[in-house]
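Topology and contacts: notes
The primary structure of each chain is shown beneath.
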Amino acid sequence: MGLLSKKDAKLITDPLADNNPITIQVLGICSALAITAELKASIVMALSVMAVLAIGNVVISLMRNIIPSKIRIIVQLVVVAALVIIVDQVLKAFAYELSKTLSVFVGLIITNCIIMGRFEAFALGNKPWRSFLDGIGNAAGYGLILIIVGFFRELLGSGTLLGFKVLGDPIEKTGLYAIGYENNGFMLLSPMALIVVGIIIWVQRSRNQALIED
Amino acid sequence: MENRTDKNSYTILFAIGMVLVVGALLAFAASSLKPNIDENKRLEKQQNILYAMGVNENDDSSANFVSTTDAPELFKKYITKQLVIEGDKVTEDPEAYLIDVKKEQAKAKAGLERKLPLFVGEKDGKTFYIVPIYGKGLWDAIWAYVSIDENMVVQGAYFDHKGETPGLGANIKQRFFMDDFIGEHLLNESGVFKGIDVAKGNADPKNENKTDNEVDAIAGATITGNGVTAMIKADLKLYKPYIDNLKTN
């Protein structure tokens, strides 16, 4: 990355692997369970969180010297809530179709612990540009896990990817279904999301023993 | 050492200032965008109604509305009458499609007379009666526009929701679910209103039996499906007297 210094690049690459917000910090699990039954929703959620987290980090970082420490959590909450509501209103006015796709995510974005976590842990103590990169990086790390989970849940649960029937038609019995394959309905339910996240954590920690805590 | 930002007076002033700024910002955004948002909602209703009577741009698998620019014109062309039914009184109202079904349901609960909007569409010599219905799913509101013929056989349906789970309950607005309703009978063999059950164990996943008053449920979306069943039973039933009247006249 010629554009970024080594230190800045780490802000983006770290959350993708060894400091992933979901698998290492175990934040944002609730939304990872709620919306990963299909791949498209995972991608939409990843992009929305990225926008909100990057902008919110910058706003908090710009205000970091004037925010009273006693009410900083409330200030963070107000910033993220106002941001999300304004974005939602603007989308409703000018990109109505998109806003309908996002409607269910709005509440989930506001309550996403990763956003408050990064405001508190990073943006309050760092300059806007670095906070921006941190927001992008953490949202990318979050999105990566969401997309992996969404991929497996949609493929094994519905036999589709992004709505395309990649394994054949389960009702007409074509493709894999012709030889007796069945969709696993359990994959569509939230507990399986947790189990998939668990498997990712397992794989990640067995490849990098340093991540294992005593 | 106490920081400037740690003082109580500063904290209170900051809080007041923040509330004023954010409040003003949100109020400004809401009021300046409202006309656009209302217009979008109005066009969406027209698109929904047209969709239910088969005026849409569906391709092989996905549900597509007519474009927002064409919607007002097509709406005028295909929707010949917009009726408001109040008890035995039926009046025409060119803005019936703007009636808020949720508010009318609340009126009925409070013991007042409920306005029932009904849209009459003509396409290829066939008459469609399009009914808006409203209910609740797992997380929030669900609603639909169902078009029926004079025998209360469903000709088309458009379902939508406010916040059902993506991939599960949200799939009620997918073609594979909505299209199952086409051809389904709302009445049983003896002509009594029975509705359509979103049934889990109906052993008819291809939906070949159109007179069983059942469509196949979505796995993992039981409560949303029950909501669909309930709103069909409760709201569509109210139109039966009017539809019966049509046949006798």
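Scoring rules and cut-offs
- Residues numbered from 1 in each chain as written.
- Chains lettered and ligands numbered in written order.
- Predicted model: local features only at pLDDT ≥ 70, side-chain atom pairs only at ≥ 80, totals over all residues.
- Heavy atoms only, no water.
- Helix = DSSP H or I, 4+ residues; strand = E, 2+ residues; numbered from the N terminus.
- Buried < 20%, exposed > 50% of the residue type's maximum accessible area, 1.4 Å probe, protein only.
- Contact = heavy atoms within 4.5 Å.
- Areas by Shrake-Rupley, 256 points an atom, 1.4 Å probe, with all protein chains shown as cover.
- UniProt positions renumbered as here; feature names shortened; annotations may be inferred.
- Buried area = accessible area lost by both parts, 1.4 Å probe.
- Salt bridge = Lys/Arg side-chain N within 4 Å of Asp/Glu carboxyl O.
- Polar contact = N/O pair within 3.5 Å; in protein donor to acceptor, adjacent residues only side chain to side chain.
- Nonpolar A, V, L, I, M, F, W, Y, C, P; charged D, E, K, R; others polar.
- pLDDT = per-residue confidence, 0-100.
- Phe/Tyr/Trp six-rings, centres within 6.5 Å; stacked < 30°, edge-to-face > 60°.
- Pairing = 2+ DSSP bridges.
- Axes fitted to C-alpha atoms, helices over the stretch in contact; angles between N-to-C directions.

What follows covers the overall build of chain A. The secondary structure content of chain A amounts to eight helices and zero strands. Ordered by position from N to C terminus, the α and β elements of chain A give α-α-α-α-α-α-α-α. For chain A, the spread of C-alpha atoms along the three principal axes comes to 65 × 50 × 35 Å. Looking at chain A as a whole, 47% of its 214 residues are labelled buried. Restricting the contact set of chain A to residue pairs at least 6 apart, pairs at least 24 apart contribute 74%. About 10300 Å² of surface is accessible on chain A, with carbon and sulfur atoms providing 70% of the total.

Residue and element names in this part refer to chain B. A positive phi is found at methionine 152, a non-glycine position, where the angle reads about 60°. Mapped onto the fold, methionine 152 is located in the loop between strand E5 (141–148) and strand E6 (154–161). The buried category is assigned to methionine 152, whose relative accessible area is 1%. Of note, the phi angle at asparagine 213 is positive, near 55°, even though the residue is not glycine. Its location among the elements puts asparagine 213 in the loop between strand E7 (197–199) and strand E8 (214–216).

Before going further, it helps to examine the side chain of asparagine 138 of chain A. Looking at where asparagine 138 of chain A falls in the secondary structure, it is placed in helix H7 (residues 128–158). Leave out the neighbours within four places in its chain, and asparagine 138 of chain A touches Pro15, Pro21, Gln25, Leu53 and Arg118 of chain A.

Per the UniProt record, the feature "domain: FMN-binding" (unreviewed entry) sits at residues 137–239 of chain B. Regarding residues 137–239 of chain B, the helix share stands at 19% and the strand share at 21%, and the terminal C-alpha atoms are separated by 22 Å.

Now for the interface of chain A and chain B. Contacts between the two partners involve 32 residues from chain A, matched on the other side by 34 residues from chain B. Together, the buried faces of chain A and chain B total about 2700 Å²; carbon and sulfur atoms form 68% of this surface. In this assembly, chain A and chain B are joined by zero salt bridges. For the pair chain A and chain B, the interface holds five residue pairs in polar contact (both at pLDDT 80 or more). Per-class residue counts for the side of chain A that touches chain B are 23 nonpolar, four polar and five charged.

The next thing to look at is the confidence of the model for chain B. Taken residue by residue, chain B gives an average pLDDT of 88. The fraction at 70 or more is 98%. Ranking the elements of chain B by mean pLDDT puts helix H6 (residues 240–248) of chain B last with 83 and E5 of chain B first with 93.

What follows deals with the packing of aromatic side chains. Residue and element names in this part refer to chain B. For the structure shown, the criterion picks out 11 aromatic pairs over all chains. Both rings, one in phenylalanine 159 and one in phenylalanine 181, keep their centres 5.0 Å apart while their planes meet at 45°; by these two values the pair is tilted. Within this pair, whereas phenylalanine 159 is found in strand E6, its partner phenylalanine 181 is found in the loop between helix H4 (175–178) and E7, the two being separated by 22 residues in sequence. For phenylalanine 159, a relative accessible area of 0% puts it in the buried group. Residue classification places phenylalanine 181 among the buried positions, given a relative accessible area of 2%. When the ring of phenylalanine 177 is compared with that of phenylalanine 181, the centres are 5.3 Å apart and the planes differ by 75°; the resulting orientation is edge-to-face. As far as burial versus exposure is concerned, phenylalanine 177 and phenylalanine 181 are alike and both buried.

All names here are of chain B. In spatial order, the strands read E2-E1-E3-E4-E5-E6; together these six strands make up an open sheet with antiparallel pairing. Lying at the two open borders of the sheet, with one neighbouring strand each, are strand E2 (89–92) and E6. Strand-to-strand twist in this sheet, taken as the mean axis angle between neighbours without regard to direction, amounts to 25°. Sheet topology places strand E1 (residues 79–86) next to strand E3 (residues 116–123); six bridges connect them, and they run antiparallel. By the bridge assignment, lysine 81 is partnered in E3 with valine 120. Across the face of the sheet, helix H1 (residues 8–52) comes into contact with E1, E3, strand E4 (126–136), E5 and E6 while running at roughly 145° to E6.

Moving on, we get to the UniProt feature "transmembrane region" (unreviewed entry) in chain A. All names here are of chain A. Here, UniProt's "transmembrane region" (unreviewed entry) annotation points to residues 43–62, 74–95, 101–119, 131–152 and 185–203. Span residues 43–62 is 100% helix and 0% strand, its end C-alpha atoms 29 Å apart. Within residues 74–95, the helical portion is 95% and the strand portion 0%, while the C-alpha atoms at the span's ends are 30 Å from each other.

Further remarks concern the pairing of E5 of chain B. Residue and element names in this part refer to chain B. Counting buried residues in E5 gives seven out of eight residues, a clear majority hidden from the surface. With eight bridges joining them, E4 and E5 adopt antiparallel strand pairing. Along E5, the bridge assignment pairs isoleucine 130 with serine 147. Hairpin connection of E4 to E5: four residues between the antiparallel strands. Both E5 and E6 contribute to a ladder of seven bridges, which runs antiparallel. Residue pairing across strands places serine 147 opposite glycine 156, the latter belonging to E6.

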